[in-house]
Amino acid sequence: RAEIADQLETTRAQMDRVEARLKLMELEENMSNFDAIVKPVETMWVASAGTTVPNYDNLGPVFDRLFGAVCGYVERVSAMAGPGIALYRDDGSMQNVPIEALCPLAGPIAASDEIKVYQLEGGTMASTLHRGPFDSLGATYGALTKWIEANGYRPAGYPREVYLSMDRDKPETWVTEIQFPVAKA
């Protein structure tokens, strides 16, 4: 029984990857329909809980734990000043990736042993909206990366995701803003 469950999970993961690839191919075919902008983003105070993950598989439970810790802490001592943000400090290897769950703050608060408080650097960002569940975020990242290059920019920092709308029970309604720091190529 356990072996069948493992095979089923492996098959589901393969199907998810195929579906993400198909969505990327569809985006590539319809790049004229892809919408992105370049905009300024202000430096902001954030509270942060972070860890390093071996890869991008199964990030949901990790971010649930991190956001639970940082948002719980912020709610006890202050108030969030905006939607949650995920920051990926990936060196391009897509392995052993430092990630952070961030809660924007109106100003600095005291840090703790688990929670860091710092100013998240702003700057010029290429930005797009992703609508729907996270299993197709990779395709949106791929399309944004191609858009950045096609429009005379280059990545100039780590990407972040801003969770604008997230009803846990309705992933098809989720709205995530992907921001990539950029500079002129």
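What you are looking at is a predicted structure, and each value in this text was computed from that prediction instead of being measured. Counting starts from 1 at the beginning of each chain's written sequence and moves along it residue by residue. Where totals are concerned, whole chains, interfaces and linings use all residues; where local detail is concerned, this predicted model gives features only for residues with pLDDT of at least 70, and gives and counts side-chain atom pairs only at 80 or more. Hydrogen atoms and water are omitted, and side-chain values are computed over all heavy atoms in the structure.

## What to know about the overall build of the protein chain
Per the convention used, a helix needs a DSSP run of H or I reaching at least four residues, while a strand needs a run of E reaching at least two, with both numbered from the N terminus. Across its full length, the protein chain carries three helices and nine strands. Each helix and strand of the protein chain, placed in order from N terminus to C terminus, yields the pattern α-β-β-α-β-β-β-β-α-β-β-β. For every residue, the accessible area obtained with a 1.4 Å probe (protein chains only) is divided by the maximum for its type, and the residue is called buried under 20%, exposed over 50%, and partly exposed between those limits. For the protein chain, the residues scored as buried account for 38% of the 185 residues in total. A sequence separation of at least 24 residues applies to 74% of the contacts in the protein chain between residues at least 6 apart. Two residues qualify as a contact provided that any one of their heavy atoms is within 4.5 Å of a heavy atom in the partner residue.

## Things to note about the packing of aromatic side chains
In this description, an aromatic ring pair is defined by two values, namely the gap between the centres and the angle between the planes. Stacked, edge-to-face and tilted labels apply to pairs of Phe, Tyr and Trp rings (six-membered ring for Trp) whose centres lie within 6.5 Å, assigned for plane angles under 30 degrees, over 60, and everything in between, in that order. The tally for this structure, following the rule as stated, stands at six aromatic pairs. With centroids separated by 5.7 Å and ring planes inclined at 45°, the aromatic side chains of Tyr56 and Tyr88 adopt a geometry described as tilted. One end of the pair, Tyr56, is in the loop between strand S2 (44-53) and helix H2 (59-77); the other, Tyr88, is in strand S3 (residues 85-88), with 32 residues separating them in the sequence. A relative accessible area of 6% places Tyr88 in the buried class.

## Considering the pairing of strand S4 (residues 97-105)
Burial runs high along S4: eight of the nine residues are buried. In the sheet, S2 pairs with S4 via nine bridges, with the strands oriented antiparallel. Residue Ala49 lies in a different strand from S4, and its bridge partner there is Ala101. Pairing analysis gives four bridges linking S3 to S4, with the strands arranged antiparallel. Bridge pairing in S4 links Ile85 to Leu102. Paired strands, in this sense, are two strands between which DSSP finds at least two bridges.

## Regarding the nonpolar core
Soluble globular proteins: nonpolar side chains tend toward being buried together. What we call a nonpolar core is a set of buried Ala, Val, Leu, Ile, Met, Phe, Trp, Tyr and Cys residues that are connected through their side-chain atoms within 4.5 Å. Of all hydrophobic cores here, the largest spans 35 residues; its most connected members are Phe63, Val70, Tyr88, Ile99, Leu144 and Ile148. No other element matches the nine residues that H2 contributes to this core. Non-local contacts of Val70, meaning those with residues more than four positions away in its chain, are made with Ala47, Ser48, Ala49, Ala101, Cys103 and Ile115. Grouped together as the second largest cluster of nonpolar side chains are seven residues, Val46, Leu102, Tyr118 and Leu120 included.

## Overview of the environment of Pro104
Within the secondary structure, Pro104 sits in strand S4. Judged by its relative accessible area of 5%, Pro104 falls in the buried class. Measuring from C-alpha to C-alpha, the distance between Pro104 and Val117 comes to 9.8 Å, with 13 residues separating the pair along the chain. Once residues lying within four places of it in the same chain are set aside, the contact partners of Pro104 are Met44, Trp45, Val46, Ala79, Met80, Ala81, Gly82, Pro83 and Ile85.

## Observations regarding the side chain of Gln179
When you line up the elements, Gln179 lands in strand S9 (residues 175-184). Classification of Gln179 by relative accessible area gives buried; the value is 6%. A polar atom in the side chain of Gln179 sits 3.3 Å from the side chain of Glu177. Setting aside its immediate chain neighbours within four residues, Gln179 contacts Lys39, Val41, Met125, Ala126, Ser127, Pro159, Arg160 and Val162. We call two N or O atoms a polar contact when they sit within 3.5 Å, provided that within protein one can donate a hydrogen and the other can accept it, with sequence-adjacent residues counted only if both atoms are side-chain atoms.

## As for the confidence of the model for the protein chain
Each residue carries a pLDDT score, the predictor's own confidence in it, on a scale running from 0 to 100. Taken residue by residue, the protein chain gives an average pLDDT of 89. The fraction at 70 or more is 89%. Considering each helix and strand of the protein chain separately, the mean pLDDT is smallest for helix H1 (residues 2-29), with a value of 66, and largest for strand S5 (residues 116-120), with 98.

## A closer look at the pattern of salt bridges
In what follows, salt bridge is the name for a side-chain nitrogen of Lys or Arg lying within 4 Å of a carboxyl oxygen of Asp or Glu. A full pass over the atoms with the stated rule returns three salt bridges. One salt bridge connects Glu177 with Lys39, and the closest N-O pair in it is separated by 2.6 Å. Taken as a pair, Glu177 in strand S9 and Lys39 in strand S1 (residues 37-41) lie far apart in primary sequence, 138 residues in all. Residue classification places Glu177 among the buried positions, given a relative accessible area of 8%. In this structure, the salt-bridge partner of Asp64 is Arg168, at a minimum N-O distance of 2.2 Å. Taken as a pair, Asp64 in helix H2 and Arg168 in the loop between strand S8 (160-165) and S9 lie far apart in primary sequence, 104 residues in all. A relative accessible area of 40% places Asp64 in the partly exposed class. For Arg168, a relative accessible area of 51% puts it in the exposed group.

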